[in-house]
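Each chain, written out:
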Amino acid sequence: MKYYKLQDFGNDYLTQTKRVSPVSPAANPRQFPKALFLFLFLLSLFTSNATTIDVHLLADLKPVSVIVSVASGKYVIWADGKQMNDTLAASILEFKLEGDSIVTKTLERKLGTFKHITLNALLPASTLKLKCIQPSTGIRIYDNDLLISVDRDQLQVLNRVDLEKYVAGVVEAEAGTIAEDEFYKVQSILCRTYVLANMNKHATEGFNVCDGVHCQVFRGKTKDPRIFFATNATKDMVVVDNDLKLISTTFCSNCGGQTVNAEDVWGKSTMCLKSVKDTFCTHMPHAYWERRVSVEDWKNYLELKHRFPVNDSATFSTALNASQTGRQVYFSDHNLKIPLKTIRTDFLLKSTFFSVVQSRDSVIFKGRGYGHGVGLCQEGAMNMAKLGYTYPEILNFYYRNIIIVDRSKLDFFKEGEE
Ligand SMILES: [Zn+2]
Ligand SMILES: [Zn+2]
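The rules behind each value
- Residues numbered from 1 in each chain as written.
- Chains lettered and ligands numbered in written order.
- Predicted model: local features only at pLDDT ≥ 70, side-chain atom pairs only at ≥ 80, totals over all residues.
- Heavy atoms only, no water.
- Donors = N, O, S within 2.8 Å, 3.2 Å for Na, K, Ca; no water.
- Buried < 20%, exposed > 50% of the residue type's maximum accessible area, 1.4 Å probe, protein only.
- Pairing = 2+ DSSP bridges.
- Helix = DSSP H or I, 4+ residues; strand = E, 2+ residues; numbered from the N terminus.
- Axes fitted to C-alpha atoms, helices over the stretch in contact; angles between N-to-C directions.
- Core = buried A, V, L, I, M, F, W, Y, C linked by side-chain atoms within 4.5 Å.
- Domains from an automatic or database assignment.
- Tetrahedral: all angles 85-135°; square planar, octahedral: opposite > 155°, others 65-115°.
- Arc of directions from axis to C-beta.
- Contact = heavy atoms within 4.5 Å.
- Polar contact = N/O pair within 3.5 Å; in protein donor to acceptor, adjacent residues only side chain to side chain.
- Phe/Tyr/Trp six-rings, centres within 6.5 Å; stacked < 30°, edge-to-face > 60°.
- Lys NZ or Arg CZ within 6 Å of the ring centre and 35° of its normal.
- pLDDT = per-residue confidence, 0-100.
- Salt bridge = Lys/Arg side-chain N within 4 Å of Asp/Glu carboxyl O.

**Overview of the coordination of the zinc ion (ligand 1)**
(1) Moving on: For the zinc ion (ligand 1), the full set of protein donor atoms is H202 (NE2), C210 (SG), H214 (ND1) and C215 (SG), and the range of their distances to it is 2.0 to 2.3 Å.
(2) Moving on: Every donor residue of the zinc ion (ligand 1) comes from the same chain, spaced as H-x7-C-x3-H-C. The same class applies to C210 and to C215, which are both buried.

Structure (structure tokens):
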């Protein structure tokens, strides 16, 4: 991964003094009292077909000091509802938490102490460089607007970003930059479906999603034109079920040759997340794994945690050599019904799709796949894309009873509902 050096916060914008059009202070939401802002935010979730989303940046870091500069385009800065001098938008700015306020500085001087800062993009293609100083991160580039405020003992940094630009950034952060175009299209549709289904995940905190694994990893603007193209080629497309509801876009790294019914992992059945045989992932990197434990440990575990009759030698021998050729839910046939997912958790296994084989004083878990196995199998989908399958074929293979639809048409059908 390429990291920019600090000097990339160049001063070529310092000379840019052209006056930009003033924006009405009323356009800056941060001047409103927090309760009113929250109310308007919640209202907007239900009244608008949102094309921008508020992403909580640096969510896992507790930032107290960040620096920001313009990478491209034009910005105006608002501090507590007042527009700052135009030329400052071309400076390198530092925002540092002190007490319950944000001390704002350029390289040369202190500008003041504020509660809310907004960097408003005046052009759609405007981007900002953001670097967290405390704690330290590399430089990341973000599209559109940045909103900085105080959240108890840390800065709250939000990126108000166009949905499609956000989706492209998530695809790069979550899928890397070495996959096929059709796989990026699959990921774009799934990332978009996920975020639209989870717009109020952080509503009580005043934003839509965070940039960590809790929601979807987002490290800013994509640098890969192929990802940008794939997102654009699937613009506004989402996956819905037969009731036109956005589906749960769950996925795993590798299903080991067969995906799992949602109810077998989470207890709740859905029409879309059904077990399918998958031959596309069986030669991929995470197709197989092994883990060895002592017979003694295995015996103690079964006896102490599950009251397995380990002293019955005939019964215990079935626990030393148990094969699983197709996906099963339970380890034991003996009334005990030990959930495979419990064994997976207790022994930190990569999946529940394993057989047990005795080898002298050890038992070897011979496993297949990586992850819970529900939904799309990433390595299988990557291989399908490589073999020439299209994104609708890939999505329809892993998710059942789905419709891939433009979300604007979805609104039309929903409005037509009685
Ligand atoms: Zn989150
Ligand atoms: Zn698979």
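Here the narrative resumes.
**Concerning the pairing of strand β17 (residues 354-359)**
(1) Moving on: One ladder, built from 6 bridges, connects β17 with strand β18 (residues 362-368); its direction is antiparallel. Pairing of S355 across the sheet is with K366, part of β18.

**Brief notes about the sheet that holds strand β6 (residues 101-105)**
(1) Moving on: Pairing is antiparallel across the open sheet formed by 6 strands, whose spatial order is β7-β6-β5-β2-β9-β10. A strand with exactly one partner marks an edge of an open sheet, and here the two such strands are β7 (110-114) and β10 (139-143). Neighbour-to-neighbour, the strand axes of the sheet open up by a mean angle of 25 degrees, direction not taken into account.
(2) Moving on: Sheet topology note: the strand β5 (residues 93-98)/β6 ladder contains 5 bridges and is antiparallel. In the sheet register, E98 faces β6, and the bridge partner there is S101.

**What about the nonpolar core?**
(1) Moving on: One finds L119, Y166 and Y398 to be the most contacted residues of the largest nonpolar core, which totals 88 residues.
(2) Moving on: Tallying contributions element by element places helix α3 (residues 181-197) first for this core, with 9 residues.
(3) Moving on: Lining this core are residues from two domains, each supplying at least three of them: domain 1 (6-162) and domain 2 (236-282 + 373-415).

**Some words on the environment of P285**
(1) Moving on: Relative to the helices and strands, P285 resides in the loop between α5 (262-266) and β16 (288-294).
(2) Moving on: Taking relative accessible area as the criterion, P285 reaches 66% and is therefore assigned exposed.
(3) Moving on: In this structure, the C-alpha to C-alpha distance between P285 and E379, residues 94 residues apart in sequence, is 8.0 Å.

**Points about the coordination of the zinc ion (ligand 2)**
(1) Moving on: Donor atoms from the polypeptide that coordinate the zinc ion (ligand 2) comprise C255 (SG), D278 (OD), C281 (SG) and C377 (SG), at 2.0 to 2.3 Å from the metal.
(2) Moving on: For the zinc ion (ligand 2), the 4 donor atoms in the first shell make angles of 103 to 120 degrees at the metal, a pattern classed as tetrahedral.

**So, helix α4 (residues 225-233)**
(1) Moving on: What α4 keeps buried is the set I227, A230 and T231. The arc that holds the buried residues of α4, viewed along the axis, is 95 degrees, so those residues lie on one side.
(2) Moving on: Elements in contact with the buried residues of α4: α2 (163-175) and α3.
(3) Moving on: You can read the cap of α4 off the contacts: a side-chain oxygen lies 2.8 Å from the backbone nitrogen of R226, and it is on D224.

**Overview of the sheet that holds β17**
(1) Moving on: Pairing is antiparallel in the open sheet, where 3 strands are placed in the order β16-β18-β17. Unpaired on one side and paired on the other, β16 and β17 mark the two borders of the sheet. Averaged over all pairs of adjacent strands, the angle between strand axes in this sheet comes to 25 degrees, irrespective of strand direction.

**Focus on the packing of aromatic side chains**
(1) Moving on: Enumeration according to the criterion identifies 13 aromatic pairs in this entry.
(2) Moving on: Members of the aromatic cluster, connected to one another through ring pairs, are W289, W298, Y301, F331, F347, F354 and F365.
(3) Moving on: Directly above the aromatic system of Y370 lies the positively charged group of K350, at a separation of 5.3 Å from the ring centroid.

**Considering the confidence of the model for the chain**
(1) Moving on: Residues at a pLDDT of 70 or more form 86% of the chain, whose mean pLDDT is 86.
(2) Moving on: Of all the helices and strands in the chain, helix α1 (residues 34-47) carries the lowest mean pLDDT, 44, while helix α10 (residues 391-398) carries the highest, 98.
(3) Moving on: Contacts of residues 1-34 to residues separated by more than four positions or lying in other chains number 63 contacts, the stretch itself having pLDDT below 50.
(4) Moving on: Every residue in residues 36-50 is under pLDDT 50, and counting partners more than four places away or in other chains gives 23 contacts.

**Overview of the pattern of salt bridges**
(1) Moving on: Counted by the stated rule, this structure contains 15 salt bridges.
(2) Moving on: Linking R219 and D211 is a salt bridge whose minimum nitrogen-to-oxygen distance equals 3.8 Å.
(3) Moving on: Among the salt bridges present, the one from E290 reaches K366, with a minimum N-O distance of 3.0 Å. Of the two residues, E290 sits in strand β16 while K366 sits in strand β18, which places them 76 residues apart along the sequence.
(4) Moving on: Residue K366 is classed as partly exposed on the basis of its relative accessible area of 37%.
(5) Moving on: Salt bridges here are not isolated pairs; linked through shared partners, they connect K235, D236 and R407.

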